[in-house]
Amino acid sequence: MKNGKSDQLLDQLLREACGPVPVSADFRRQLWGRLMKPAEVVSISVWSGALAAAVFLGVFTGTLQSALPAARADGAVQSVLTRHERWDLFADAPHDTLAGSVIRLSTQGEKQ
Amino acid sequence: MTGFPPDDRALIEGVAARDPEAFRTVMEQYSGPVFNLAYRFLSNRADSEEVAQEVFLKLYLHPPVLRPSVKLFTWLYRVTVNASLDALRRRKRAGIAFSIDQTDETPGGETVSPGALLADPRGTRTQIENRDRLRCAREAIARLPDPLKAPLILSVLEELPHSEIAAVLKISPKAVERRIHRARQLLNDQLRSFL
């Protein structure tokens, strides 16, 4: 069959062009070395991530805490509204901490 | 090509339990075939070694739970094919058309020295023509669309039966047959002068 013969010749050419290539001597050794290290790599990544998160939270918390007293002292923050509100995020937390942040709309500065 | 020993269920369970000795045995049996399968897609030693490492890393970190009817080499070949095709897509995105090794170890990649040409012009011309013929064949395979490339390589080069190819690629045996037929048509058109 013509197609069969031509397929055979094609297959022969392809097999000749793409014969097996020897695996390098180093390949298996490097592969084994890489496979036996994944636990270290994972733990380093986890610790780095935890450290980065801790630094970020610390900076964030410190920034907010320093901003709050400054905001309260700033007269412009005192509201012109006549209402007086207090918003405790955490009922029993001291007011000068992040947990006990207070948003106070006060007329104290505006009482006539 | 599937001259692999029958799956040893204890070995597969050892791999699943991340037993280093079981893993080493699997690596010794299959690292060559996995590397060569990747090489048939990528024609480049460095890329093929990278893919093979990726395959075994996946096996080690996320060992598959294989049903008794599924062979380990089927899973390894499937992951290798997918990883090789991904590598080819990355190359394409990077604008690299071919990255074919031209070294003495690749069939038809042997260098020809000027001295050899002078000493035996006819024989050396034949060697050069043969080298070009084989290089054209490898490039023709590289140009095949991905859905046709994998079935052709697994059938002609890995000599897997259609049923095994269907299991590796998760397509029907009929689809395997159609794709191989279409791949052969395209290759015949390109390589007619060499046949």
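Residues numbered from 1 in each chain as written. Chains lettered and ligands numbered in written order. Predicted model: local features only at pLDDT ≥ 70, side-chain atom pairs only at ≥ 80, totals over all residues. Heavy atoms only, no water.

Chemist: Go over the confidence of the model for chain A with me, naming the residues and quoting the values.
Modeler: All names here are of chain A. A residue-level look at chain A finds 40% of positions with pLDDT of 70 or above and a mean pLDDT of 63. Taken element by element, chain A is modelled with least confidence in helix H3 (residues 38-73), mean pLDDT 63, and with most confidence in helix H1 (residues 2-17), mean pLDDT 86. Contacts from residues 79-94, a stretch scored under 50 in pLDDT, to residues over four places away or in other chains number 34 contacts. (pLDDT = per-residue confidence, 0-100. Helix = DSSP H or I, 4+ residues; strand = E, 2+ residues; numbered from the N terminus. Contact = heavy atoms within 4.5 Å.)

Chemist: Go over the interface of chain A and chain B, please, and point to the residues and values.
Modeler: In this complex, chain A contributes 26 residues to the contact, which on the side of chain B involves 38 residues. Our count for the contact surface shared by chain A and chain B stands at 3 salt bridges. B:Arg184 is the salt-bridge partner of A:Asp11, the closest N and O atoms lying 2.7 Å from each other. When residues of the side of chain A that touches chain B are traced back to their parent elements, those giving at least two are H1 and helix H2 (25-35) of chain A. (Salt bridge = Lys/Arg side-chain N within 4 Å of Asp/Glu carboxyl O.)

Chemist: How would you sum up the environment of B:Leu169? Please name residues and give values.
Modeler: All names here are of chain B. Tracing the chain through its elements places Leu 169 in helix H8 (residues 162-169). Considered as a pair, Leu 169 and Val 81 are 88 residues apart in the sequence and their alpha carbons are 8.3 Å apart. Excluding residues within four positions of it along the chain, Leu 169 makes contact with Val 81, Ala 150, Pro 151 and Leu 154.

Chemist: Let's hear about the packing of helix H4 (residues 72-93) of chain B against H8(B): which residues, and what values?
Modeler: All names here are of chain B. Closest axis-to-axis distance for the H4/H8 pair is 8 Å, and the angle between their directions is 60°. One element, H4, and the other, H8, form an angle in the oblique class. Seen from above, H4 lies across H8 with right-handed handedness. Two secondary-structure elements touch here, H4 through Phe 73, Thr 74, Tyr 77, Arg 78 and Val 81 and H8 through Glu 164, Ala 167, Val 168 and Leu 169. Considering only residue class, the contact of H4 with H8 consists of 6 nonpolar, 1 polar and 2 charged. (Axes fitted to C-alpha atoms, helices over the stretch in contact; angles between N-to-C directions. Parallel < 35°, antiparallel > 145°, perpendicular 65-115°, else oblique. Left-handed = near helix turned anticlockwise from the far one by under 90°. Nonpolar A, V, L, I, M, F, W, Y, C, P; charged D, E, K, R; others polar.)

Chemist: How would you sum up the nonpolar core? Please name residues and give values.
Modeler: By size, the foremost hydrophobic cluster in this structure holds 68 residues, and its most contacted members are A:Leu14, B:Phe41, B:Phe56 and B:Leu59. The element contributing the most residues to this core is helix H2 (residues 20-42) of chain B, with 12 residues. With near-sequence residues (within four places) excluded, B:Phe41 lies in contact with B:Val81, B:Ser84, B:Leu85, B:Leu88, B:Lys149, B:Ala150 and B:Ile153. (Core = buried A, V, L, I, M, F, W, Y, C linked by side-chain atoms within 4.5 Å. Buried < 20%, exposed > 50% of the residue type's maximum accessible area, 1.4 Å probe, protein only.)

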